[in-house]
Amino acid sequence: MASSSKKPKEENKKKEKSKTEKPEKKASTPQKSNKSKPKPDKSRKKSSNGTPGIPDPSSSTESNENKTQKNVKPNNKRKRKEKEEENGGGGGGGGEATVCRFPMNRIKRIIKSEDSSVAISQDVVFLVNKATEMFLEKFSEDGYKCSVKDRKKSLSYKHLATVAHERKRYDFLSDYVPQKIKAEDALKEMNSTETGKG
Amino acid sequence: MVDEQERLLPIANVGRIMKQILPPSAKVSKEAKQTMQECATEFISFVTGEASDKCRKENRKTVNGDDICWALGALGFDNHADAIVRYLHKFRVAERDKAAQNKASCSRNSQDKEEEESSQDQQPHQQADVPSNSKLQVLEFSH
């Protein structure tokens, strides 16, 4: 009980100290209040799905300076929107070329699972990231064309399987995107192969 | 379940890429997105497997960007190979610029620290120098 009564006094003392310190600092150190502000920005940046790419140091320092005049939250939202715009934009300038859509760590893990003995350079992870993005775009386009031929509004598994089987480029996906067949047809095929062997 | 999800790329990223390339009116089923996740992982394994085989034949231990470009061309992704070579150059230029900027900021930090130490000895109250302290802290924090 006694300890609980002490705590608010200590808090009040701290608040008073901070109040007394603040006006002095405001005149000379408007930027000191930013100590805590950059941290949430970084944590929010990390929480994004893709890697932020290579940030421009000049822009980051300028944005930190601007925070003294403006609130933190709207700047974070603006940064998120800017990032989304960068990711959403077409193949534009150098900034867009260096932004990666997928997490680098995940790409590394997939590469290591394929072959753990081989070492990979940083370039490789970036290039695989970009190549995968381009592959997905192309495969989606081809799948969509198939869905348009099928007169369907939505792209479904069936269209992707059709594309994977029709084009030689996607032969490596034939085992991963098999075409769906009816159970009756599958059983007939199994029986015919068994009778053929026997 | 967790292992499988870690083996695949995030479905949100995959879905975003698909939506961006397709017309706004197009819809994508969940099964299609999941299939694309699997296909992306298989693509990565396919390309890096080919590149690592090439390195093994040439008795090299490290796979580099040029091996990936070669693998894409060998596997029939010629269009991707050309664009990837360009991305590789841009990435390397960006990395060099970043390294140069980091070196420049580190040198500024060391110079500012020396100035502060000398000024601190002379003047205990540093209303004029405090902004530079904050700048240092911001720069250090950014590293």
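Just above, that's the structure.
Since this is a predicted model, take the numbers as computed values, not measurements.

If you tally the helices and strands in chain A, you get 9 helices and 2 strands. Along its sequence from the N terminus, chain A presents helices and strands in the succession α-α-α-α-α-α-β-α-β-α-α. Split into buried and exposed, the 198 residues of chain A put 31% on the buried side. Sequence separation of at least 24 residues holds for 48% of the intrachain contacts in chain A that already meet a minimum separation of 6. With the model as given, the accessible surface of chain A reaches about 13000 Å², and the carbon-plus-sulfur share is 50%.

Moving on: the packing of helix H7 (residues 122-149) of chain A against helix H8 (residues 157-166) of chain A. A pair of packed helices is captured by two measures, namely the crossing angle of their axes and the spacing between those axes. Residue and element names in this part refer to chain A. At a closest axis distance of 8 Å, the pairing of H7 and H8 adopts a crossing angle of 110°. Viewed along their axes, H7 and H8 adopt a mutual orientation that is roughly perpendicular. Contact with H7, carried on its side by Phe139, Asp142, Gly143, Cys146 and Ser147, involves His159, Leu160, Thr162, Val163 and Ala164 of H8 and no other residues of that element. Within the contact of H7 with H8, the residues separate by chemical class into 5 nonpolar, 4 polar and 1 charged.

Here the focus is the packing of aromatic side chains. Per the counting criterion, the structure on display carries 11 aromatic pairs over all chains. Considering the side-chain rings of phenylalanine 135 of chain A and phenylalanine 139 of chain A, the 5.7 Å spacing of their centres and the 20° angle between planes classify their relative orientation as stacked. Of the two residues, phenylalanine 135 of chain A and phenylalanine 139 of chain A are both situated in helix H7; the distance of 4 residues between them amounts to about one turn of the helix. An angle of 5° between the planes, with centres 4.4 Å apart, marks the rings of phenylalanine 135 of chain A and phenylalanine 43 of chain B as stacked. Here the residue phenylalanine 135 of chain A occupies a position in helix H7, and phenylalanine 43 of chain B occupies one in helix H3 (residues 30-57), the pair thus bridging two chains. Phenylalanine 135 of chain A sits in the buried class, given a relative accessible area of 1%. Relative accessible area serves as the criterion here: at 1%, phenylalanine 43 of chain B is assigned to the buried category. Among the aromatic residues, those joined into a cluster by ring pairs are Phe135, Phe139, Tyr170 and Phe172 of chain A together with Phe43, Phe46 and Phe77 of chain B. One cation-aromatic arrangement involves lysine 130 of chain A over tyrosine 87 of chain B; the distance from NZ or CZ to the ring centre is 4.7 Å.

Residues and elements named next belong to chain A. Of the residues making up helix H6 (residues 104-114), those classed as buried are Met104, Ile107, Ile110 and Ile111. An end-on view of H6 places all buried positions within 125° of arc, on one side of the element. Along H6, exposed side chains directed more than 90 degrees from the buried face belong to Asn105 and Ser113.

One turn of the α-helix equals 3.6 residues, which is why residues spaced by three or four share an orientation. All names here are of chain A. The terminal C-alpha atoms of H7, which comprises 28 residues, lie 41 Å apart, in line with the 40 Å expected from a rise of 1.5 Å per residue. Summarising burial for H7: 20 of the 28 residues are buried, a large majority. Arginine 151 sits one or two positions beyond H7 and adopts a positive phi of about 60°.

To continue, consider the side chain of serine 147 of chain A. Residue and element names in this part refer to chain A. For serine 147, the location among the structural elements is in helix H7. A polar atom in the side chain of serine 147 sits 2.6 Å from the backbone oxygen of tyrosine 144. Once residues lying within four places of it in the same chain are set aside, the contact partners of serine 147 are Lys152, Ser154, Leu155 and His159.

Take the nonpolar core next. In this structure, Phe135, Phe139 and Leu173 of chain A together with Ile68 and Leu72 of chain B are the most contacted members of the largest nonpolar core, which totals 57 residues. When contributions to this core are tallied by element, the ones reaching two or more residues are H6, H7 and H8 of chain A together with helix H2 (11-21), H3, helix H4 (65-74) and helix H5 (78-122) of chain B. Looking at this core element by element, the count peaks at 11 residues for H7 of chain A.

What counts as what
Starting from 1, residues in each chain are numbered consecutively following that chain's sequence as written. Here the convention is simple: chains get letters from A, ligands get numbers from 1, in the order in which they are written. Only residues with pLDDT of at least 70 are given local features in this predicted model, and only at 80 or more are side-chain atom pairs given and counted; all residues enter the totals for whole chains, interfaces and linings. Based on all heavy atoms of the structure, the side-chain values leave hydrogens and waters out of the count. Numbering goes from the N terminus for both helices and strands, where a helix is a DSSP run of H or I of at least four residues and a strand is a run of E of at least two. Partly exposed describes any residue whose relative accessible area lies between the buried limit of under 20% and the exposed limit of over 50%, with all areas from a 1.4 Å probe on protein chains only and scaled to the type maximum. Any two residues whose heavy atoms approach within 4.5 Å at even a single point are treated as in contact. Using a 1.4 Å probe, the Shrake-Rupley method yields the accessible areas, and only the shown protein chains count as cover for residues. Helix axes are fitted to C-alpha atoms over the stretch in contact, other axes to C-alpha atoms as well, and angles between N-to-C directions run from 0 to 180 degrees. By the definition adopted for this analysis, an angle is roughly parallel if under 35 degrees, roughly antiparallel if over 145, roughly perpendicular if from 65 to 115, and oblique otherwise. The nonpolar class holds Ala, Val, Leu, Ile, Met, Phe, Trp, Tyr, Cys and Pro. Asp, Glu, Lys and Arg form the charged class, and all remaining residues, Gly among them, are polar. Working definition: rings of Phe, Tyr and Trp (its six-membered ring) pair if their centres are within 6.5 Å, and the pair is stacked with planes under 30 degrees apart, edge-to-face with planes over 60 apart, and tilted otherwise. A ring is considered to have a charge above it if a Lys NZ or an Arg CZ atom is located within 6 Å of its centre and within 35 degrees of its normal. The arc in question is formed by the directions pointing from the helix axis toward the C-beta atoms. One less than the number of residues in a helix, times 1.5 Å, gives the span that helix is expected to have. Counting of polar contacts relies on pairs of N or O atoms within 3.5 Å, with two restrictions inside protein: one atom must be capable of donating a hydrogen and the other of accepting it, and residues adjacent in sequence are counted only when both atoms are side-chain atoms. Within this scheme, the nonpolar core is defined by two criteria: the residues are buried Ala, Val, Leu, Ile, Met, Phe, Trp, Tyr or Cys, and they are joined through side-chain atoms within 4.5 Å.

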